[in-house]
Amino acid sequence: MEFSELIRTGQAQAELLRGPEMPPLRGTLCVTGHHLLLSPGPQATPDLWLLLLRSVDSIEKRVAGDAGTITLRCKDLRVLQLDIEGVEATLDIARSIEALSSLESVITSFPFFYRPKGLRLGEAWHFHPPERYYKRIARETWSSPLPVPQTRAWRLSEANEDFSLCPSYPRAVIVPRAVDDDALARSARFRQGGRFPVLSYYHAPRGTVLLRSSQPLTGRQKLRCAEDEELLRAVLAEARPGARGFIVDTRSAQAAKQARMTGGGTEAKAAYPGWKRLHRPLERGRPLQESFVRLMEACGDPEQSMDRWLSRLDGCRWLSHVKEALSTACLAAQGMEWEGACILVHGAEGTDSTLLVTSLAQLILDPLSRTMAGFQELIEREWIQHEAPIFLLFLDCVWQLGRQFPLSLEFGEGMLLALFDHSYASPFGTFLCNSEKERCLCEVRTRTHSLWSGLNQPKEQRKLRNPLYVPNPLAIWPSVEPQSLRLWQGLFLRWTHPPEPSEVAWEKVWQIATDQKTEGSQPTDSASEPQP
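About the criteria used
Residues numbered from 1 in each chain as written. Predicted model: local features only at pLDDT ≥ 70, side-chain atom pairs only at ≥ 80, totals over all residues. Heavy atoms only, no water. Helix = DSSP H or I, 4+ residues; strand = E, 2+ residues; numbered from the N terminus. Rg over C-alpha atoms; globule rule 2.2 N^0.38 Å. Buried < 20%, exposed > 50% of the residue type's maximum accessible area, 1.4 Å probe, protein only. Areas by Shrake-Rupley, 256 points an atom, 1.4 Å probe, with all protein chains shown as cover. Lys, Arg positive; Asp, Glu negative; His and termini not counted. Charge placed at Lys NZ, Arg CZ, Asp CG, Glu CD. Expected span 1.5 Å × (residues − 1). Contact = heavy atoms within 4.5 Å. Pairing = 2+ DSSP bridges. Disulfide = S-S within 2.5 Å. Axes fitted to C-alpha atoms, helices over the stretch in contact; angles between N-to-C directions. Parallel < 35°, antiparallel > 145°, perpendicular 65-115°, else oblique. Left-handed = near helix turned anticlockwise from the far one by under 90°. Polar contact = N/O pair within 3.5 Å; in protein donor to acceptor, adjacent residues only side chain to side chain. Patch = residues over 30% accessible without salt bridge, like charges linked within 9 Å, V, L, I, M, F, W, Y side chains within 5 Å. Salt bridge = Lys/Arg side-chain N within 4 Å of Asp/Glu carboxyl O. 1 Å grid on protein atoms, 1.4 Å probe; cavity = no way out; pocket = protein on both sides within 12 Å on 5 of 7 lines; lining within 4 Å. Points joined across faces, edges and corners; volume = space filled by probe spheres on them. Core = buried A, V, L, I, M, F, W, Y, C linked by side-chain atoms within 4.5 Å.

Draft legend 1. Quick peek at the overall build of the protein chain. Tallying secondary structure elements over the protein chain gives 18 helices and 14 strands in all. For 532 residues, the compact-globule formula gives about 24 Å, and the C-alpha radius of gyration of the protein chain, at 25 Å, lands near that figure. The dimensions of the protein chain, computed from C-alpha atoms along their principal axes, are 75 × 60 × 50 Å. For the protein chain, the proportion of its 532 residues judged to be buried stands at 52%. For the protein chain, the exposed area adds up to about 24,300 Å²; of that, 52% sits on carbon and sulfur atoms. Counting 62 positive and 64 negative side-chain charges, the protein chain places the averaged centre of each group 6 Å from the other.

In structure tokens, the structure reads:
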């Protein structure tokens, strides 16, 4: 289907209302295959206003007399109003936006057409391959402080090269060396969606590992899989001597029990000696989405009193989800750091809440994950499959870490905002598709540009980096007490109640930091003690 078939009208005269703090724009409104454009008249600024149609989440239209109004609610939380001359033009433009913003075909999306100057196709896609992370693990195991370095404890398996074991896993995964590919295949058949246990992070100081998977398919008959049991035995055997393991299940005990009725389940204690199961339920799916919707409704009401605002903020429970996510990540991190235990995280599918916990635990423990390059690698490695609003919850938790430890993250709020915007609508291909298999079928790596090639440009880095950053080799333990967690105003209120000129303030911080470094003085940061 050609884009022209979905565009019912070429252009119309319109006025754009972008928010309470921004002046309206009036000019010629045009619809293209991927964008909504508004070109101001000759008396106004010559800048062209652009909106990527994929960023439109919902559309409302109404007409009165000989004009109409279209309200666009965007995935980046903006609410835009278009006042258009002509009823027929209003309805045609609304239908065009509805059709073009909801196209399901990945290869018709804008990243497949985006060709910016100065960037070459294929650039930056090679920045974070699994082979690179495996080499880091091999290097760390070689220099391990343990009495017997576990040089050959882990291997890079290509058993999933054709995605036959698990369509949502990459071609290469890191697994215990003692477990062969045939055993991996049998373990995959015993796990929902084929997501057998794989290594997410090797914690070099204690010689322990963080793994992720999906639930075992034990069902009502309490089925077992010898190869799956062998895999987790090998994990403990190849960690530090006498290591034990914890399975952090992101479902409630009741939900895990009910899962057996539909073929799912949990790891039986007798079948997995050395592993202890801990239930730390995290909301996902519809309850989390409803919490987010209530938060945005509260943030978008400018007429409410302060008491009403605080009541609605508390009632949406968004910060409770932030607290629970950080608490569970701290539990996993503490198990590795304090008890020298191996940690396996999973819920049902082994996606969303599982990735949330494993990613945050790495940021807490791993100094390299808190660098710009390390954070990009973490996103690429863990978040290729993401669902709204769980990725937003992850970014909010990272923002909380940055607020509590302002010197310990090399990236700043600008990086988190950029990731949020690009994860739902982007000219780059990094967040397209929900698995490496889908990426390969759509040829994403050869036909689109990587987000990192854009964000790593020098002109972008100044907006994304933290000018106060000082490398911190220690773990950072966040407080999850109510008084320690704040609403992320830079995201949730940026279109309705934008903070004081943030770009000006950011430039001042950069200038101060630059002056300090020029004078040879740097701020210092130390990791806090874990909070109760």
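Draft legend 2. How the structure looks around helix α11 (residues 390-404). Taking 1.5 Å of rise per residue, the 15 residues of α11 would be expected to cover 21 Å, and the 21 Å separating its terminal C-alpha atoms lies within 8% of that figure. Summarising burial for α11: 12 of the 15 residues are buried, a large majority. Along α11, the residues classified as buried are I390, F391, L392, L393, F394, L395, D396, C397, V398, W399, Q400 and L401. Contacts from the buried residues of α11 go to α6 (285-299), α8 (318-337), α9 (352-365), α10 (372-382), α12 (413-424) and α17 (489-492).

Draft legend 3. Fine view of the pairing of strand β5 (residues 56-64). Judged from the 8 bridges that link them, β5 and strand β6 (residues 67-74) form a sheet pairing that is antiparallel. Directly across from E60, in β6, lies its bridge partner T71. The hairpin turn running from β5 into β6, its antiparallel successor, is 2 residues long, and G65 in that turn takes a positive phi close to 65°.

Draft legend 4. Here's a closer look at unusual backbone geometry. For R317, which is not a glycine, the phi torsion comes out positive at approximately 65°. With respect to the helices, strands and loops of the structure, R317 is situated in the loop between α7 (306-316) and α8. The backbone of C433 sits at a positive phi, close to 70°, despite the residue not being glycine. Residue class for C433 comes out buried when judged on its relative accessible area of 10%.

Draft legend 5. Quick peek at the state of the cysteines. Across all of its chains, the model carries 0 disulfides by this definition. In this structure C225 is a free cysteine whose sulfur lies 15 Å from that of C166, the closest cysteine sulfur available. The thiol of C342 is not disulfide-bonded; the next cysteine sulfur, from C330, is found 19 Å away. Given a relative accessible area of 0%, C342 falls into the buried group.

Draft legend 6. Region of the structure containing the packing of helix α3 (residues 181-189) against helix α4 (residues 226-237). Running from N to C, α3 and α4 cross one another at 115°; their axes reach a closest spacing of 7 Å. It follows that α3 is roughly perpendicular to α4 by the angle criterion. Considering how the two elements wind past one another, α3 and α4 form a crossing that is left-handed. From α3, A183, L184, R186 and S187 reach across to α4, where they touch E227, D228, E230 and L231.

Draft legend 7. Looking closely at the sheet that holds strand β10 (residues 198-203). Read across the sheet, 5 strands follow the order β10-β11-β14-β12-β13 without closing on themselves; strand pairing throughout is mixed. Bordering the open sheet on either side are β10 and β13 (275-279), each of which pairs with just one other strand. Across the sheet, the axes of successive neighbouring strands diverge by a mean angle of 20°, strand direction being ignored. Summarising the sheet, β10 and strand β11 (residues 208-212) pair through 5 bridges and their orientation is antiparallel. Residue pairing for β11: H203 is matched across the bridge by T208.

Draft legend 8. View of the side chain of S408. For S408, the location among the structural elements is in the loop between α11 and α12. With relative accessibility at 1%, the residue S408 sits in the buried group. Here the side chain of S408 touches N472 through a polar contact of 3.2 Å, side chain to side chain.

Draft legend 9. A look at the pairing of β10. Among the 6 residues of β10, 6 are classified as buried, and the element is accordingly described as predominantly covered. Taken together, β10 and the strand that follows it, β11, pair antiparallel across an intervening segment of 4 residues, in which G207 is found at a positive phi of about 65°.

Draft legend 10. How the structure looks around the sheet that holds strand β1 (residues 11-17). Within the open sheet, the 7 strands sit side by side as β4-β3-β2-β1-β7-β6-β5. Their pairing is antiparallel. For this open sheet the edge positions go to β4 (49-52) and β5, each flanked by a neighbour on one side alone. The sheet shows a mean angle of 30° between the axes of neighbouring strands, taken without regard to direction. Here β1 pairs with strand β7 (residues 79-85) via 4 bridges, running antiparallel.

Draft legend 11. Up close: a negative patch on the surface. On the surface, E131, E158, E161 and D162 cluster together to form a negatively charged patch. Checked against the element boundaries, E158 lands in the loop between β8 (154-157) and β9 (173-176).

Draft legend 12. Structural detail: the layout of surface pockets. Approximately 720 Å³ is the volume found for the second largest pocket. Along the wall of the second largest pocket there are 28 residues; nearest its centre are R73, L77, R78, V79 and M296. Per-element tally for the lining of the second largest pocket: the top contributor is α6, with 6 residues.

Draft legend 13. Main features of the nonpolar core. Counting 116 residues, the largest nonpolar core has F375, F394 and F492 as its most contacted members. Among the elements that make up this core, the one with the highest residue count is α11 (10 residues). The contact partners of F492, leaving out residues within four places of it in the chain, are L77, F292, L295, M296, C299, W318, L392, D396 and L487. Core analysis: the next-biggest nonpolar cluster, separate from the first, contains 25 residues, L6, V31, L82 and I93 among them.

Draft legend 14. Fine view of the side chain of R251. By the secondary structure assignment, R251 is in the loop between β12 (245-249) and α5 (253-259). Judged by relative accessible area, R251 falls into the buried class, the value being 10%. Within the structure, the side chain of R251 is placed 2.6 Å from the side chain of Q215, a separation counted as a polar contact. When neighbours within four sequence positions are excluded, R251 is seen to be in contact with Q215, A256, A259, G265, T266, H279, R280, P281, H346, G347 and A348.

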